Amino acid sequence: MKLENVREVEGFLKAVDQCKGDVVIISTEGNKEEFNLKSLFSRYIAIGRLCEDHGDFEVFCHLKEDEPILLQYFHEVAQERQ
């Protein structure tokens, strides 16, 4: 999902901050970039990639218990866009 506005970026980062374990995004394209969203430096680069059209990324939670937090966020964004 491409983040389209500041509110979506802020909401996504709040959801990531609620997660107890690491949250990473990995490019599905050839270079397989990986960004740990718990690292501030990595976070800024990743958000730039998610806001622009830099290919597709997959989000992974290292802890299974964190998955519902991000799923809820993505569900809310999808509802708002309709």
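Before reading on, note that the structure itself is shown above.
None of the values given here were measured: they were computed from a predicted structure. (Residues numbered from 1 in each chain as written. Predicted model: local features only at pLDDT ≥ 70, side-chain atom pairs only at ≥ 80, totals over all residues. Heavy atoms only, no water.)

S.K.: Explain the pairing of strand E1 (residues 23-27) here, please?
M.R.: If a strand is regular, its side chains alternate between the two faces of the sheet. The element E1 is largely enclosed, with a buried count of four among its five residues. Relative to strand E3 (residues 57-61), E1 is paired through five bridges, and the arrangement is antiparallel. Within E3, the position partnered with Val24 by the bridge is Phe60. Note: E1 against strand E2 (residues 34-36), three bridges, orientation antiparallel. Across the sheet, the residue bridging to Val24 is Asn36, located in E2. (Buried < 20%, exposed > 50% of the residue type's maximum accessible area, 1.4 Å probe, protein only. Helix = DSSP H or I, 4+ residues; strand = E, 2+ residues; numbered from the N terminus. Pairing = 2+ DSSP bridges.)

S.K.: I keep staring at the pattern of salt bridges and nothing clicks. Help me out?
M.R.: Two side chains of opposite charge can pair, provided their charged atoms sit close to one another. Enumeration over the complete set of coordinates arrives at four salt bridges. Among the salt bridges present, the one from Glu8 reaches Arg81, with a minimum N-O distance of 2.6 Å. Taken together, the positions of Glu8 in helix H1 (residues 6-18) and Arg81 in helix H3 (residues 67-81) put the pair 73 residues apart, joining distant regions of the chain. Overall, the relative accessible area of 5% leaves Glu8 in the buried class. A residue is classified by how much of its surface remains accessible, and Arg81, at 36% relative accessible area, is partly exposed. The residue Glu67 makes a salt bridge to Lys64 at a minimum N-O spacing of 3.9 Å. (Salt bridge = Lys/Arg side-chain N within 4 Å of Asp/Glu carboxyl O.)

S.K.: Would you explain the side chain of Ser42 in this entry?
M.R.: Its place among the elements puts Ser42 in helix H2 (residues 40-51). Sequence-distant contacts of Ser42, that is, excluding residues within four places in its chain, are made with Phe35 and Asn36. (Contact = heavy atoms within 4.5 Å.)

S.K.: Whenever I open this one, the packing of H1 against H3 confuses me. Can you help?
M.R.: Each pair of packed helices gets described by two things: the angle between the helix axes and the distance between those axes. Their axes nearest at 9 Å, the elements H1 and H3 cross at an angle of 165°. Taken together, H1 and H3 sit at an angle that is classed as roughly antiparallel. Of the two possible hands of crossing, H1 and H3 adopt the one that is right-handed. Taken together, the residues of H3 that come into contact with H1 (itself represented by Arg7, Glu8, Gly11, Phe12, Ala15, Val16 and Gln18) are Ile69, Leu70, Tyr73, Phe74, Val77, Glu80 and Arg81. A class-by-class count of the residues in the contact of H1 with H3 yields eight nonpolar, two polar and four charged. (Axes fitted to C-alpha atoms, helices over the stretch in contact; angles between N-to-C directions. Parallel < 35°, antiparallel > 145°, perpendicular 65-115°, else oblique. Left-handed = near helix turned anticlockwise from the far one by under 90°. Nonpolar A, V, L, I, M, F, W, Y, C, P; charged D, E, K, R; others polar.)

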